[in-house]
Amino acid sequence: MVLSFFGKKTLDTSSVLLVDIGSASVGVARAQLSPSVSPVILSTTRNNIPFQESLSSSRFIVAMNRALENSLKDIKAKHKEASAPAHIFCALSSPWFILKSRRITLAHEEGVLVTEKLIEGLLDEDTEKLKKELSGTFPSDDVVVIERKVIKIRLNGYEIKDFYGKKTTELEIESVVSLSSRRAIETIKRLLSHFSVGSQIHFTAFPLAAFSAIRDMFPKEQNFLFLDITGEATDVSLIVRDAIKETMLFARGKNFFIREISNKKKTSHEEAVSLFSLFLRDELGANEKKVIENIINHSRDEWRERFEKALDIPLPYLTPVHKVFFTADADSKKLFEELIKSSHARILDKNECEVCYLDYAILANFVTFASEVNRDPFLMLESLFAKKMLVP
């Protein structure tokens with residue numbers, strides 16, 4: 001067996017390749033995993049996905065593939081003589097996935113024996129139902145399940161850990177299902193397989209990986225929100241009693257502010273990016289600052305309105321959330337932190353709501369780096385998830 005991008009033919013079972021695919025960039029890292037120590041990130045790289053004026057799926061996939069290929073080449077150059085990693089973990093951010101919370105119930109007057117076959121059959125049936133529900137988003141021949149996790153199982157109203165072999169008249173399953181475009185997944189798989197022949201490829205939705213890491217880093221937090229603010233969208237996950245209860249998405253991310261500047265100023269995307277960056281750093285002249293500030297303020301209002309609408313969900317178990325975790329590009333941290341804090345969403349605790357940006361300073365207690373390696377919070381979160389999945 002020949003490994004395309006690595007010098008040695010054996011697989012390295014202690015290392016993993018982390019791939020982070022977003023709407024604005026693709027990041028890749030190589031990490032070392034061990035049961036006794038925190039993940040060690042050996043190298044990282046990140047390549048931008050060129051800005052898309054309109055999100056045509058074909059052009060977007062081509063642009064993403066190019067960024068992924070360039071990132072893989074960067075990692076290849078840093079590990080020419082290394083063995084290929086045994087595992088590749090690929091985390092998808094919006095718009096590359098759809099994440100849905102599901103609740104399955106079964107009532108049986110005479111009682112039913114809970115078996116693996118019964119659980120898998122109910123999950124399969126619900127997954128097919130979900131695919132039909134999403135037919136307007138994904139054509140039926142272009143949808144693939146990338147991940148399905150059972151969160152909780154209740155028998156006769158009580159959560160049970162050891163449920164196989166027990167009889168019940170009422171069965172309830174809480175699960176989360178991640179789906180993606182078959183075309184996008186197959187394209188990513190081709191590139192990764194060529195990069196590292198023989199490595200096992202795992203896909204996950206980034207909010208699920210982040211939720212797993214947050215739960216381990218902050219074990220006392222049982223009810224919170226997690227926001228992943230990407231270039232093109234914002235994913236919102238509501239966690240209640242240590243389980244993902246709802247997932248929401250609204251199509252407003254960092255690039256929304258850049259597009260508004262470009263449209264209102266009638267200027268190029270490149271100029272709009274520069275103006276937005278200068279505004280965030282407070283480096284604009286007085287006159288230009290006033291113009292950009294007016295555009296940003298209007299865009300702020302729209303983002304906040306979309307955020308509040310996403311959280312306006314009727315929940316019988318509604319508990320005020322007093323903590324919000326979020327990820328976003330570092331330069332826009334302050335902007336989104338202020339937007340979240342100023343929100344009037346009814347689910348947020350009006351008296352005390354802490355907003356926590358997941359940056360290197362927080363994650364440094366749980367992940368270490370080789371010398372002179374760029375600290376990438378997204379890849380750090382994914383390294384914690386990969387360790388949990390792979391290391392006993």
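Bear in mind the structure is a predicted one, so any value in this text is a computation, not a measurement.

Caption draft 1: Just the packing of helix α1 (residues 57–78) against helix α3 (residues 182–195), in detail. For the pair α1 and α3, the least separation of the axes is 11 Å and the interaxial angle reads 20 degrees. The pairing of α1 with α3 is recorded here as roughly parallel in orientation. In this structure, α1 crosses over α3, and the sense of that crossing is right-handed. Together, S58, I61, M64, N65, L68, E69, L72, I75 and K76 of α1 and R183, A184, T187, I188, L191, L192 and F195 of α3 make up the contact between the two elements.

Caption draft 2: Inspection of helix α7 (residues 286–310) at higher detail. Compared with an ideal rise of 1.5 Å per residue, which puts 25 residues at 36 Å, α7 spans 35 Å between its outermost C-alpha atoms and is within 8% of the ideal. The inward-facing, buried residues of α7 contact β10 (224–229), β11 (234–240), β12 (243–250), α5 (254–265), α6 (269–280) and α8 (333–341).

Caption draft 3: Summary view of the environment of D376. Note on placement: D376 falls in the loop between β15 (368–369) and α10 (377–390). Discounting residues that sit within four places of it in the chain, D376 has contacts with R46 and F369.

Caption draft 4: Representation of the pattern of salt bridges within the structure. Evaluated as defined, the whole model comprises 31 salt bridges. The salt bridge partner of R46 is D20, with a shortest N-O separation of 3.0 Å. Of this pair, R46 sits in strand β3 (residues 37–48) while D20 sits in strand β1 (residues 8–21), and the two are 26 residues apart along the sequence. Residue D20 is classed as buried on the basis of its relative accessible area, which comes to 3%. Notably, a salt bridge pairs E159 with K161, separated by 3.3 Å at the nearest N-O pair. On the accessibility criterion, E159 (36% relative accessible area) is partly exposed. Since its relative accessible area comes to 72%, K161 is described here as exposed. Overlapping salt bridges bring together R103, R154, E172, E174 and K245 as one network.

Caption draft 5: Representation of the packing of aromatic side chains. By the definition in use, this model includes 17 aromatic pairs. With 6.2 Å between their ring centres and 50 degrees between their planes, F206 and F226 make a pair best called tilted. Taken together, the residues span a long stretch of sequence, with F206 in helix α4 (residues 206–217) and F226 in strand β10 at a distance of 20 residues. For the pair shown, F206 and F226 are each scored as buried. Ring centres of F326 and Y357 lie 5.0 Å apart, and the angle between their planes is 45 degrees; on these two criteria the pair is classed as tilted. With F326 in strand β13 (residues 323–327) and Y357 in strand β14 (residues 354–357), this residue pair connects regions lying 31 residues apart in the sequence.

Caption draft 6: Molecular detail of the environment of R59. Relative to the assigned elements, R59 resides in helix α1. Between the C-alpha atom of R59 and that of V16, which follows or precedes it by 43 residues, the distance is 30 Å.

Rules and cut-offs
- Residues numbered from 1 in each chain as written.
- Predicted model: local features only at pLDDT ≥ 70, side-chain atom pairs only at ≥ 80, totals over all residues.
- Heavy atoms only, no water.
- Axes fitted to C-alpha atoms, helices over the stretch in contact; angles between N-to-C directions.
- Helix = DSSP H or I, 4+ residues; strand = E, 2+ residues; numbered from the N terminus.
- Parallel < 35°, antiparallel > 145°, perpendicular 65-115°, else oblique.
- Left-handed = near helix turned anticlockwise from the far one by under 90°.
- Contact = heavy atoms within 4.5 Å.
- Expected span 1.5 Å × (residues − 1).
- Salt bridge = Lys/Arg side-chain N within 4 Å of Asp/Glu carboxyl O.
- Buried < 20%, exposed > 50% of the residue type's maximum accessible area, 1.4 Å probe, protein only.
- Phe/Tyr/Trp six-rings, centres within 6.5 Å; stacked < 30°, edge-to-face > 60°.

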